[in-house]
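Breakdown of the fold
Below, each chain spelled out in residue letters.
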Amino acid sequence: MEKKSYLHEFSKGIVKENPVLCLILGTCPTLAVTTSAVNAIGMGIAATAVLVCSNAVISALRRFIPDKVRIPAFITIIAGFVTVVQMVVRAFSPALNDALGIYLPLIVVNCIILGRAEMYASKHPVLPSILDGLGMGVGFTAALLLMGIIRELLGSGSVFGIELLPVKILIFILPPGGFFVFGMLILIANRLNARAGKRVKSSPCDGCLMSEKCSQRSCEEVSGNVD
């Protein structure tokens, strides 16, 4: 796989296929833990660690896991890494562990992690699977952090404990405010992706002096027939 492909595997989960804002996955932890930026980062890093590790192991064992038991096997692998992550968080940051609560162990059934295991890691080599998990994890963390900053700033007047606004709109740290911010971010993400999709890609034949006399079909014609 070329370097460009590696970059694509990593970057797709950040914007184009962001698991939260574009694929609308993992909405429960997204709405529950984004009342503060610290909680958002904590959940994002924990999920990213599980994503990368589980993708790597599932990809390495993909030829040895029977198809009939692949989902239970995936869940077992994911649960093992979630247990390790939870023990680390509990040991080094008890306050974060208490803040995340039940949503930390529920990473086991997070549809983002299980979905990447089923749709990607089980079908691709280890390195691309690691990059896929890392990209999805970074996209997940970025979406959570953005929501956490907006909700904490408007709802508490502060970000990371630093007072920035004198006015506090408490509804933003409540569920209705979470749904409102979530919906607005989805709208913005969809608009950005729509604009990116409208950009006309240049043909590799553009600028060629022989393009008009070339007997072969253009790249667009070939791709059009394939589609």
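Higher on the page you've got the structure.
Residues numbered from 1 in each chain as written. Predicted model: local features only at pLDDT ≥ 70, side-chain atom pairs only at ≥ 80, totals over all residues. Heavy atoms only, no water.

A word on the overall build of the protein chain. For the protein chain, the count of helices and strands is nine helices and two strands. Along its sequence from the N terminus, the protein chain presents helices and strands in the succession α-α-α-α-α-α-α-β-β-α-α. Within the protein chain, buried positions represent 37% of all 227 residues. A separation of at least 24 residues holds for 70% of the contacts in the protein chain among residues at least 6 apart in sequence. Carbon and sulfur atoms provide 68% of the accessible area of the protein chain, an area that totals close to 13,300 Å². (Helix = DSSP H or I, 4+ residues; strand = E, 2+ residues; numbered from the N terminus. Buried < 20%, exposed > 50% of the residue type's maximum accessible area, 1.4 Å probe, protein only. Contact = heavy atoms within 4.5 Å. Areas by Shrake-Rupley, 256 points an atom, 1.4 Å probe, with all protein chains shown as cover.)

By the definition in use, this model includes one aromatic pair. Centre to centre, the rings of Phe 172 and Phe 180 are 6.2 Å apart; their planes meet at 65°, and the pair counts as edge-to-face. (Phe/Tyr/Trp six-rings, centres within 6.5 Å; stacked < 30°, edge-to-face > 60°.)

Turning next to the pattern of salt bridges. Within this structure, the stated rule accounts for five salt bridges. One salt bridge connects Asp 67 with Arg 70, and the closest N-O pair in it is separated by 3.3 Å. Take Asp 67: its relative accessible area is 56%, and that puts it in the exposed class. A salt bridge links Arg 116 to Asp 132, with the shortest nitrogen-to-oxygen separation between them at 2.7 Å. (Salt bridge = Lys/Arg side-chain N within 4 Å of Asp/Glu carboxyl O.)

This part takes up unusual backbone geometry. Residues other than glycine seldom take positive phi values, yet Ile 24 does so here, at roughly 55°. Exposure remark for Ile 24: the relative accessible area of 39% places this residue in the partly exposed category. In this structure, Phe 160 is a non-glycine residue whose phi angle is positive, near 55°. Here Phe 160 is to be found in the loop between β1 (158–159) and β2 (162–163).

With that settled, the discussion passes to helix α7 (residues 126–156). Look at α7: 43 Å from first C-alpha to last across 31 residues, which is about the 45 Å you get at 1.5 Å a residue. Phi for Gly 157, located one or two positions after α7, is positive at around 80°. (Expected span 1.5 Å × (residues − 1).)

Right, let's get into the nonpolar core. The biggest cluster of nonpolar side chains holds 32 residues, and the ones touching the most others in it are Leu 21 and Ile 107. Those elements that place two or more of their residues in this core are α2 (27–33), α3 (37–60), α4 (70–92), α5 (94–100), α6 (111–119), α7 and α8 (175–198). Here this core takes six residues from α3, the largest share from any one element. Those residues in contact with Ile 107, other than ones at most four positions away along the chain, are Met 43, Ala 46, Ala 47, Val 50, Ile 78, Val 82 and Ile 113. The next biggest cluster of nonpolar side chains, apart from the first, holds seven residues, and it includes Ile 58, Ala 73, Ile 77 and Ala 121. (Core = buried A, V, L, I, M, F, W, Y, C linked by side-chain atoms within 4.5 Å.)

Taken together, the side chains of Ile 102, Tyr 103, Leu 106 and Val 109 present a nonpolar region at the surface, about 360 Å² in accessible area. Topologically, Tyr 103 is positioned in the loop between α5 and α6. (Patch = residues over 30% accessible without salt bridge, like charges linked within 9 Å, V, L, I, M, F, W, Y side chains within 5 Å.)

The next point concerns the side chain of Asn 97. Among the structural elements, Asn 97 can be located in helix α5. Asn 97 sits in the buried class, given a relative accessible area of 13%. If we ignore the near neighbours within four places in the chain, the residues touching Asn 97 are Gln 86, Val 89, Arg 90 and Leu 104.

Let's shift gears to the packing of α3 against α7. Where α3 meets α7, the axes come as close as 8 Å, and the angle between the chain directions of the two elements is 170°. The angle between α3 and α7 falls in the class roughly antiparallel. The hand of the α3/α7 crossing is right-handed. Looking at the contact of α3 with α7, its residues break down into 19 nonpolar, nine polar and two charged. (Axes fitted to C-alpha atoms, helices over the stretch in contact; angles between N-to-C directions. Parallel < 35°, antiparallel > 145°, perpendicular 65-115°, else oblique. Left-handed = near helix turned anticlockwise from the far one by under 90°. Nonpolar A, V, L, I, M, F, W, Y, C, P; charged D, E, K, R; others polar.)

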